[in-house]
Amino acid sequence: MKIGIDKIGFYAPHLYLDMTKLAHSRNVDPDKFTIGIGQEKMAVPPITQDAVTLAANAASEILDEADKEAIDFVIFGTETGVDSSKSAAVYVHELLGLNPYARAIEVKQACYGATAGIQMAIGHIAMNPDSKVLVLGSDISRYGIATPGEATQGAGAVALLISADPQVMALEDQSVYFTSDIMDFWRPVYSDKAFADGKLSNEQYIAFFSEIWNRYKEKSGLGLNDFEGIAFHLPYTKMGKKALKPVIDEADNDVQERLKENYQISTEYNRVVGNIYTGSLYLSLLSLLELKSDLKAGSRIGMFSYGSGAVGEFFTGILQDGFREHLRAAQHRNMFASRKEVTVPEYEAIFEETLPTDGSTVKLDTNNDPADICLAGISDDKRQYVNKVK
Ligand code: COA
């Protein structure tokens, strides 16, 4: 039985910051951000968006009534969840009106959470072929104003519907995963901003990819020549390129060209959204699938997932006949085109506007947020969400 990605949804907030303008304001050469790091725009989340609403907006664009009935498992990968106890999946389950006979949980391991969710979903579908699983990767990346990580912030979510006989991509059985305790990136429970040893995280990402790739080759008997493209977890768009560099010579010259070209295409969406942590790998996959017009069914795509701390995994999928008809390239083009630019002072003001943590009530104005699903406030320490179209 084939099991894999049946649909992919994506949502980014309606505001963005131009990285060249950020560079000028930080007295940095803009080429450092646009070439050295490889980011052009950064999605800026208004206070009315959080990990829950971003995920719910991403999922609502793909689910029809039959999907809502068939989904009996919601797995929410996030490292910027809104509650230490209740899972973000339960909120999304309610906001989207899903079948009540469902499991709903949150999974955490930095940017790896959604990948763990997909692997759990595969096992669930193997046991329950008529079920569908909604896997969400949703985050707001916050390092702080004028920090080294600032240029790698972002916000957004990817929603993946996992099912038998998938319309987009069948996931293959071979996969290699690896864990090692490394303090390259963490966020203690008392902080709303991540702590990162940026250089160490770069080194470990590259080392994990080499380790896992070598093991994958031994296990599968496949090599780079067997891949049309590889999508990477992209904290910023230069990162995957750094990991691919030490191994790319293994491929024939024409394959090297193809992998480099497809890598470039797989970074386009991420370049204008920024780091969305758990969703970043899947945003990169979506970028490749939606923007490469001559991608053929039957092609094998590799996916490298890395979650600091750290867990990494390499796994693969085969594009299915007619996969393009089940993507939403035009909607995503419109989503990007209708975003509104904010100035650096506006971004800084939005960044500093945080929700109360002292139990006080706040009512937020959702009229300025065009998203269907928004955070409307907090009352009695409970988040109040609204789905404007439900
Ligand atoms: N023109 C072109 N490139 C330039 C440049 C210029 N004027 N100035 C600098 N660069 C390049 C550097 O050479 C470097 O490229 P390289 O890594 O390929 O050598 C890149 O821009 C970044 O410069 P660097 O000095 O290393 O940046 P930094 O120390 O300010 O921080 C990160 C970069 C990624 C470490 C930082 O943004 C960070 O900590 N991010 C969060 C953690 C993260 O994303 N980790 C990734 C793994 S999960």
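Remember, predicted model here, so these are calculated numbers, not experimental data.

Student: Before we go on, may I ask you to explain the UniProt feature "domain: Hydroxymethylglutaryl-coenzyme A synthase N-terminal" (unreviewed entry) in the protein chain in this structure?
Tutor: On the UniProt side, "domain: Hydroxymethylglutaryl-coenzyme A synthase N-terminal" (unreviewed entry) is annotated at positions that read residues 2-165 here. With 34% helix and 30% strand, residues 2-165 has its two end C-alpha atoms placed 5 Å apart.

Student: How should I be thinking about the sheet that holds strand E14 (residues 340-342) in this particular structure?
Tutor: Two modes of strand pairing occur in sheets, parallel and antiparallel, and in both the strands are linked by backbone hydrogen bonds. Strand order across the open sheet formed by 3 strands is E3-E2-E14, with mixed pairing between neighbours. At either end of the open sheet lies a strand with only one pairing partner, and these are strand E3 (41-44) and E14. Along the sheet, successive strands turn relative to each other by an average axial angle of 45°, direction set aside. Direction of pairing for strand E2 (residues 15-18) relative to E3: antiparallel, over a ladder of 4 bridges. The partner of Tyr16 across the bridge, within E3, is Ala43. Each of E2, E3 and E14 is contacted by helix H13 (residues 344-352), which is oriented at about 85° to E14, the strand it contacts most.

Student: Sorry, what's going on with the site of the ligand here?
Tutor: Around the ligand sit 18 residues in total, of which Lys32, Lys199, Ser201, Lys238 and Lys242 are the nearest. Between Pro148 and the ligand, the recorded distance is 2.8 Å, taken from a backbone N or O atom to an oxygen atom. At 3.4 Å from a nitrogen atom of the ligand is found a side-chain nitrogen or oxygen belonging to Thr152. Relative to its unbound accessible surface of 970 Å², the ligand loses 70% to contact with the protein. When residues of the shell around the ligand are traced back to their parent elements, those giving at least two are helix H2 (30-37) and helix H7 (198-220).

Student: I tried to follow the environment of Ala194 on my own but got confused; where do I start?
Tutor: Along the chain, Ala194 falls in the loop between strand E9 (185-186) and strand E10 (195-196). Measuring from C-alpha to C-alpha, the distance between Ala194 and Ser141 comes to 7.9 Å, with 53 residues separating the pair along the chain. In this view, Ala194 contacts Arg142, Tyr143, Phe185, Trp186, Arg187 and Tyr277; residues no more than four positions away in its chain are not counted.

Student: Explain the packing of helix H3 (residues 51-60) against helix H5 (residues 88-96) here, please?
Tutor: Axes are the key here: two packed helices are described by the angle between their axes and the distance separating the axes. Orientation of H3 relative to H5, taken along the N-to-C sense of each, is 45°, at an axis distance of 9 Å. By the angle class used here, H3 and H5 are oblique. Crossing hand, H3 versus H5: right-handed. Contacts from Val52, Ala55, Ala56, Ala59 and Ser60 of H3 reach H5 at Ala88, Tyr91, Val92, Leu95 and Leu96. Split by residue class, the contact of H3 with H5 holds 9 nonpolar, 1 polar and no charged.

What counts and what doesn't
Numbers given for residues are sequential positions, taken from 1 along each chain in its written order. Thresholds applied to this predicted model are a pLDDT of at least 70 for local features of residues and 80 or more for the giving and counting of side-chain atom pairs; totals over whole chains, interfaces and linings are not thresholded and use all residues. Heavy atoms from the whole structure form the basis of all side-chain values; hydrogens and water molecules are not counted. UniProt positions are given in the numbering used here, feature names are shortened, and annotations may be inferred rather than shown by experiment. The secondary structure listing takes helices from DSSP runs of H or I that are at least 4 residues long and strands from runs of E that are at least 2 residues long, numbered from the N terminus. Two strands form a pair only when DSSP identifies at least two bridges running between them. Every angle, taken between N-to-C directions, lies between 0 and 180 degrees, and every axis is a line fitted to C-alpha atoms, over only the stretch in contact when it is a helix. A contact between two residues is defined here by any heavy atoms of the two lying within 4.5 Å. Any residue with a non-hydrogen atom lying within 4 Å of a molecule or strand is treated as near it. Two N or O atoms count as a polar contact when they lie within 3.5 Å, although within protein this holds only if one can serve as hydrogen donor and the other as acceptor, and sequence-adjacent residues are included solely when both atoms are side-chain atoms. All accessible-area figures derive from a Shrake-Rupley calculation using a 1.4 Å probe, and residue coverage is judged against the displayed protein chains alone. Oblique is the label for any angle not under 35 degrees, not over 145, and not in the 65 to 115 range, which are roughly parallel, roughly antiparallel and roughly perpendicular in turn. Each crossing gets its handedness from the near helix: less than a right angle anticlockwise from the far helix is left-handed, clockwise is right-handed. Classification used: nonpolar for Ala, Val, Leu, Ile, Met, Phe, Trp, Tyr, Cys and Pro, charged for Asp, Glu, Lys and Arg, polar for all others including Gly.

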